[in-house]
Amino acid sequence: MKNDAPAIFPPAGIGDSKPANQAVLDWVHEIATLTEPENIFWCDGSEQENNFLINESLQQNVLIKLNEKKVPHSYLHRSNPNDVARVEQFTFVCTPTKQEAGPTNNWSEPGETYTKLRALLKGAMRGRTMFVVPYIMGPPDSPLAKVGFEITDSKYVVLNMRIMTRMGDVAVKRLGNNPNAEWNRGVHSLLDINPERRFICHFPQDNAIISVGSGYGGNVLLSKKCLALRIGSYLARKQGWMAEHMLILGIESPEGKKHYVAAAFPSACGKTNFAMLIPPKHFAGWKVTTVGDDIAWMQNRDGRLYAVNPENGYFGVVPGTSYKSNPNAMRSIAHDTLYTNVALTDDGDVWWEGKDGEPPAHAIDWRGNDWTPDSKEKAAHPNSRFTTPMRNNPALDPDVEKGEGVPISAIIFGGRRSDTVPLIYQAFDWKHGVYLGATMASETTAAAAGAVGQVRRDPMAMLPFCGYNIGDYFQHWLDMGKRLTHPPLIFNVNWFRKGEDGKFLWQGFGENMRVLKWIIDRCEETGGALKSPIGWLPGPHDLDLAELDIDHKRVAELLCIDHEEWQKEIAGHKQFFDSLGGVVPEELLEQRNQLAARFKE
Ligand code: GTP
Ligand code: SPV
Ligand code: MN
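Owing to the predicted nature of the structure, the values given are computational and were not obtained by experimental measurement.

Chemist: Can you explain the coordination of the manganese ion (ligand 3)? Please cite residues and give values.
Modeler: Protein coordination of the manganese ion (ligand 3) is provided by Lys225 (NZ), His245 (NE2) and Asp294 (OD), with donor distances spanning 2.0 to 2.5 Å. Around the manganese ion (ligand 3), the 6 donor atoms sit at angles spanning 73 to 171°, and that spread fits a shape best called irregular.

Chemist: Explain the pattern of salt bridges to me, using residue names and the numbers behind them.
Modeler: Note that side chains of opposite charge can pair when their charged atoms are close. Under the criterion given, the structure shown has 34 salt bridges. Note that Arg456 is salt-bridged to Glu88, the shortest N-O span being 2.9 Å. With Arg456 in strand E28 (residues 455-457) and Glu88 in the loop between strand E3 (75-77) and strand E4 (91-93), the pair connects residues that are 368 residues apart, well separated along the chain.

Chemist: Kindly report on the sheet that holds strand E22 (residues 363-364), identifying the contributing residues and their values.
Modeler: Sheet architecture is open: 4 strands sit in the order E21-E20-E22-E23, paired in antiparallel fashion. Two strands close off the open sheet at either side, each with one partner strand: strand E21 (350-351) and strand E23 (370-371). Two elements, strand E20 (residues 343-345) and E22, share 2 bridges in a ladder whose sense is antiparallel. Its bridge partner being in E22, Thr345 is matched across the sheet by Ala363.

Chemist: Run through empty space enclosed by the protein, naming residues and quoting values.
Modeler: With the rule as written, the count across this model stands at 2 cavities of 30 Å³ or more. Volume-wise, the largest cavity comes out at about 160 Å³. As for the largest cavity, its lining consists of 19 residues, of which Tyr425, Thr439, Asn492, Trp566 and Glu569 are closest to the centre. Elements that contribute at least two residues to the lining of the largest cavity include exactly helix H10 (430-439), strand E29 (489-493) and helix H14 (563-579). In terms of residues, the lining of the largest cavity owes the most to one element, H10, which gives 4 residues. Taken together, the residues that form the lining of the largest cavity break down as 10 nonpolar, 7 polar and 2 charged.

Rules used in this analysis
Residues numbered from 1 in each chain as written. Chains lettered and ligands numbered in written order. Predicted model: local features only at pLDDT ≥ 70, side-chain atom pairs only at ≥ 80, totals over all residues. Heavy atoms only, no water. Donors = N, O, S within 2.8 Å, 3.2 Å for Na, K, Ca; no water. Tetrahedral: all angles 85-135°; square planar, octahedral: opposite > 155°, others 65-115°. Salt bridge = Lys/Arg side-chain N within 4 Å of Asp/Glu carboxyl O. Helix = DSSP H or I, 4+ residues; strand = E, 2+ residues; numbered from the N terminus. Pairing = 2+ DSSP bridges. 1 Å grid on protein atoms, 1.4 Å probe; cavity = no way out; pocket = protein on both sides within 12 Å on 5 of 7 lines; lining within 4 Å. Points joined across faces, edges and corners; volume = space filled by probe spheres on them. Nonpolar A, V, L, I, M, F, W, Y, C, P; charged D, E, K, R; others polar.

Structural data, given as structure tokens:
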């Protein structure tokens, strides 16, 4: 598919809604002087503007229209095959000192980095249109809401931002005319989509982001990982709140009692699926609703933690999504959806590995090549994605727009671990919970460029997203806990433990309701538990496994704590903390000593 750079020339009334704020105008002028675009397109987020951009994208082969009967109002985009996932090795946190970025981030000096990026951006938009995209993260009336502007030369980015954020006039209004108001400055240019000129740079002190050389996902939708997590986490610490890589879901009992939980799993480890869970038949009357599927912004209100979802849409993993695994996602992406890097069938439908039904006899794969079921290559890229408005989700929580957020009863950490980590356990208290988060690990996935399946420590699922020193981040978690009079209970889950046959022991997806139910029972102080060295575990009858095809042996395997594996695990915790070079708070080092000691009791 074509690089989507060529300039477009809208008719009068489209692309001319300039904001009044002088600080924005000055900044746009500065970037335009540097990048020399053919013209400037001021986005207002209107339907008319969107239709115009879609038509232009179809004409320039940036999008392919899908079969209107099968997937109405939906389109396919193919990214450059060298540009299919986040690039952690090219992602930088540019704080004045290396120490502020800390041991887990790539750091580069802000002055030098600006100089390097300005050289790359010089004349970069010649012959291209420069889009100015105003957006809000968070419900507009939330005290946590943040305004951002993204400048981009990619129509595909604009179309995605319109789904993923509250984009256009609503943001311009919220910012107002005060030139000193807080807002994020994001600059994105495709350049020539060359991995050698691909940099995703964050300047937390300036509330600024510059991203060049990519056209895909978290690299370029600057609202998401760049603002809502990296810059967000930096602002959150300074301002006393939390920006986390967490889904938020509501769960209501048949009696109408409702809890909300937030869960941090690394990329492609099940957040979207958990957030859209449909309880199995046995749980008739229970209802799960989605507040968010990827990011939570949380604040202390009267001693309780309240969360909002800063986003407005879902940028979700496609492969594996089916009516069997995630019916709510399937309904969400049945219309008004942008697909990226999935396969195209001969009748204009989309296909991917793991979709319901038989594979098509012939299709065009994500690279644009012929594909048949005999092909060695995958039809859809493992990190192919859908972009869909959250309004499409049949299970959307009614309080998703509530500015104060929803009260969080439990925080759940989890990763992909073939061994060692049981299906579910509960931390003894907040501090111990912070230790669980800080030491969690997961097998790497296709969501980031690089090797897949390698166990790495990924504290709070924030390793690629914490915009400052990880030691200070741990301390911030500990400090938040001290201010909460009713802190959420903290749990750890692992849907991905494998048996000797190499197969998952746990059915997962909707059946995760059984684990969620125990979590809620613990919050309600009705659920039983057994004390173990690593935390509270459900006893043999505490998990409701009725009508589930699973035998005692498998349940025992799922919940077992193998002392030898855990000696290795504790050594892994120590190795990780040691590798951070002395930034880990004393309280967490003490937690490890206590964990080791409990194994000797
Ligand atoms: P990001 O959008 O990258 O942050 O990913 P995510 O955490 O939202 O993960 P998602 O829900 O999209 O799931 C990623 C992959 O894991 C998909 O292929 C799912 O089918 C699979 N998956 C999700 N939940 C489960 C589960 O409970 N069990 C198993 N075995 N696989 C799951
Ligand atoms: C993730 O990798 O955690 C994602 C996808 O949610 S991306 O937006 O590309 O970062
Ligand atoms: Mn994510």
